[in-house]
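Each chain, written out:
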Amino acid sequence: MWTTSIPWDKLPQTLRDAVIIRDKLRVRYLWVDALCIVQDDANHMAKEIAAMPDVYQNSAFTIAASSASNVRQGFLAKRSRADDPTSIFQLRYQVENPEEVGSIILIRAKIDPEPLDTRAWALQERLLSPHQLEDVSILQAQFDAIQAPTNSKRQLNPDNATKNWYRLVKVYSNRALTKPEDRILAISGIAERYGRVFGDQYCAGMWRSTFANALYWQPGHNAGPQPRPTKWQGPSWSWTSVNAPVDFPHLIGSDSKHKPIIMAVDTKLVNPDDPYGAVQEGSCQLIVKARLSPAALRFETDVDGKLKARAGSISMG
């Protein structure tokens, strides 16, 4: 373990490229989660994950290595020129107290999804950072609007804020995690920022004020059958319990006549100092008052001789 310095040849290429950018932009410090968080210390990880929203929001900028599929690939490389010469132009660039004036060459490029866009942790890193070396998206604009000061002349519409949160969850749920049990942790930083605005109780990925409607979450249309997670990720009533894209079709304006009444919801946190973090297995209690719907459970044998169960509602005509 290196405590004072790391040999240059021991760093993977992506981190070398990040150091080069730091040096070129004359920034003194570079924060790398894989190096600054002890990866095999659960207590240290829990403490640092809870602090990550402040780390990203208080940074000068975040380097988004979007094109790198892994830490060994790197992201600095020569760019190919655009097919259309008219789409290339030079932009003057000057830093404070410069020794000389440089320039940036901008070209039109085909925009395809990058490897970073598939990673769940990267979503909150993108949204929480005040500046980043990468294109911004419409989700960033919506998230920035949520964080507007309370004395802003623009009033925050609660319905729009709620829709925006679950829209982010929908996008997030389409991304991949190396450890599926991190599903609730990798969005905890975004949840903490929403919590400042909502002033609401956070319950394993859902908000207490929207709980009755959020319980109607369902796997996305293209999710298909998913195996049960091998490790516990969250209570069965929460979208965090499954490894699949999710959707929330009945958030606003659903029929209140048939809406369940939440009598009690209680969870115990793994880290009591992080109300937006992981919850303890077997500690979650939900009591609802709701109408019962007749249903049937049917068992079938597939072509391989395996027994499968199918559930469905029954129309009482």
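This structure is a prediction, so every number in the text was calculated from the model and none was measured. (Residues numbered from 1 in each chain as written. Predicted model: local features only at pLDDT ≥ 70, side-chain atom pairs only at ≥ 80, totals over all residues. Heavy atoms only, no water.)

**What about the packing of helix 3 (residues 42-57) against helix 4 (residues 120-128)?**
Part 1 of the argument: For the pair helix 3 and helix 4, interaxial distance at closest approach is 8 Å and the crossing angle is 40°. Classified by the interaxial angle, the pair formed by helix 3 and helix 4 is oblique. In this structure, helix 3 uses Ile-49, Met-52, Pro-53, Tyr-56 and Gln-57 to contact helix 4, whose residues at the interface are Trp-121, Glu-125 and Leu-128.
Part 2 of the argument: Taken together, the residues of the contact of helix 3 with helix 4 sort by class into 6 nonpolar, 1 polar and 1 charged. (Axes fitted to C-alpha atoms, helices over the stretch in contact; angles between N-to-C directions. Helix = DSSP H or I, 4+ residues; strand = E, 2+ residues; numbered from the N terminus. Parallel < 35°, antiparallel > 145°, perpendicular 65-115°, else oblique. Contact = heavy atoms within 4.5 Å. Nonpolar A, V, L, I, M, F, W, Y, C, P; charged D, E, K, R; others polar.)

**A word on helix 4**
Part 1 of the argument: Among the 9 residues that make up helix 4, 8 are buried, leaving the element largely enclosed by the rest of the structure.
Part 2 of the argument: For helix 4, every residue scored as buried is listed here: Ala-120, Ala-122, Leu-123, Gln-124, Glu-125, Arg-126, Leu-127 and Leu-128. (Buried < 20%, exposed > 50% of the residue type's maximum accessible area, 1.4 Å probe, protein only.)

**What about the nonpolar core?**
Note on soluble globular proteins: their nonpolar side chains tend to be buried together.
Part 1 of the argument: Counting residues in each nonpolar core, the largest one holds 37 residues, and the members touching the most others are Trp-165 and Trp-239.
Part 2 of the argument: For this core, the leading source of residues is helix 6 (residues 158-173), giving 5 residues.
Part 3 of the argument: Apart from the residues within four sequence positions on either side, Trp-239 is in contact with Val-169, Tyr-172, Arg-183, Ile-187, Gly-205, Met-206, Trp-217, Val-246 and Phe-248. (Core = buried A, V, L, I, M, F, W, Y, C linked by side-chain atoms within 4.5 Å.)

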